[in-house]
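Coordinate analysis (summary)
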Amino acid sequence: MEQIFYHVVTERPMKLNQEIIFDEKHHSGVYERVYNLEKKVNDIYTNPDKYFNTEFEHHTKVALRELALEEVRIKKYPNYPSRLSSLYVSKTLEEAKNWYEYFMSLGRPTFQIVKISVNGNIFTGDACNCFDGTINKDENLKQAEIYWEARDNIKGKTPIYETIVSGKIKIIEIIEENSL
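In what follows, the accompanying structure is described. Owing to the predicted nature of the structure, the values given are computational and were not obtained by experimental measurement.

Cut-offs used in this document
Residues numbered from 1 in each chain as written. Predicted model: local features only at pLDDT ≥ 70, side-chain atom pairs only at ≥ 80, totals over all residues. Heavy atoms only, no water. Pairing = 2+ DSSP bridges. Helix = DSSP H or I, 4+ residues; strand = E, 2+ residues; numbered from the N terminus. Axes fitted to C-alpha atoms, helices over the stretch in contact; angles between N-to-C directions. Contact = heavy atoms within 4.5 Å. Parallel < 35°, antiparallel > 145°, perpendicular 65-115°, else oblique. Nonpolar A, V, L, I, M, F, W, Y, C, P; charged D, E, K, R; others polar. Salt bridge = Lys/Arg side-chain N within 4 Å of Asp/Glu carboxyl O. Expected span 1.5 Å × (residues − 1). Buried < 20%, exposed > 50% of the residue type's maximum accessible area, 1.4 Å probe, protein only. Arc of directions from axis to C-beta.

A separate point is the sheet that holds strand β2 (residues 19–22). Within a beta sheet, neighbouring strands are joined by backbone hydrogen bonds and run either parallel or antiparallel to one another. Ordered by their spatial adjacency, 4 strands build an open sheet running β1-β4-β7-β2, and the pairing between neighbours is antiparallel. Single-partner strands in this sheet number two, and they are β1 (3–9) and β2. For this sheet, the mean angle separating the axes of adjacent strands, direction not counted, is 35 degrees. Pairing of strand β4 (residues 112–119) with strand β7 (residues 167–177) involves 8 bridges; the strand directions are antiparallel. For I113, the partnering residue across the bridge sits in β7 and is E176. Its contacts with the sheet place helix α5 (residues 93–105) against β1, β4 and β7, and it is angled at close to 10 degrees to β1.

Before going further, it helps to examine the packing of helix α2 (residues 38–46) against helix α4 (residues 58–76). Interhelical geometry of α2 versus α4 gives an angle of 80 degrees and a closest axis separation of 10 Å. Between α2 and α4, the angle falls in the class roughly perpendicular. Each of E38, K40, V41, I44 and Y45 in α2 lies in contact with α4, whose residues at this interface are T60, A63, L64 and L67. Broken down by class, the residue content of the contact of α2 with α4 amounts to 6 nonpolar, 1 polar and 2 charged.

Considering all chains together, one arrives at 12 salt bridges under this definition. The salt bridge involving E19 is made with K168; its shortest N-O contact spans 3.9 Å. Taken together, the residues E19 in strand β2 and K168 in strand β7 connect sequence positions 149 residues apart.

Turning next to α5. Its 13 residues place the ends of α5 18 Å apart at the C-alpha level, agreeing with the 18 Å of an ideal helix rising 1.5 Å per residue. Within α5 the residues assigned to the buried category are A96, Y100 and F103. Projected onto a plane normal to the axis of α5, the buried residues spread over an arc of 70 degrees and lie on a single side. In α5, those exposed residues whose orientation departs by more than 90 degrees from the buried face are E94, N98, E101 and S105. Where α5 is buried, its residues meet β1, β4 and β7. Remark: G107 follows α5 within two positions and exhibits a positive phi of approximately 80 degrees.

Here it is, written out as structure tokens:
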């Protein structure tokens, strides 16, 4: 069933009627960054004493988290889109505009807000349930479970909902463009 969402374009501009496919064979840029660190993640889990009290750089923490999230998703929630093969979208234009302004304030290259149609898998979770990966695989898997269960966050924060979609995606309107 086709659904409509909004997407803030930050990697490279999109074109009207452009089609994108995210599935087991078509991945996002995060996929490559995460799987490039898979060997290091396995070494961390195999030799945790070697990494005790190590402050990991951002991409290593992300790889520890995303690999745990993907393991739990595959085992327990295979119909949910993979965070490594999906597009992050907003349900409303207002929500997309908030993300657009946020990305601009960070100095992140932000090109457009586009309206998209999606025919595929959809998941909405609380971004507050994302976590920094640690040397403890069991803890990472436990945190991943909380994320995929779409529980209210235990931090007591106002939820920050993130919707991810996979499948066939089509750009049906360019709402706003940054003229950088």
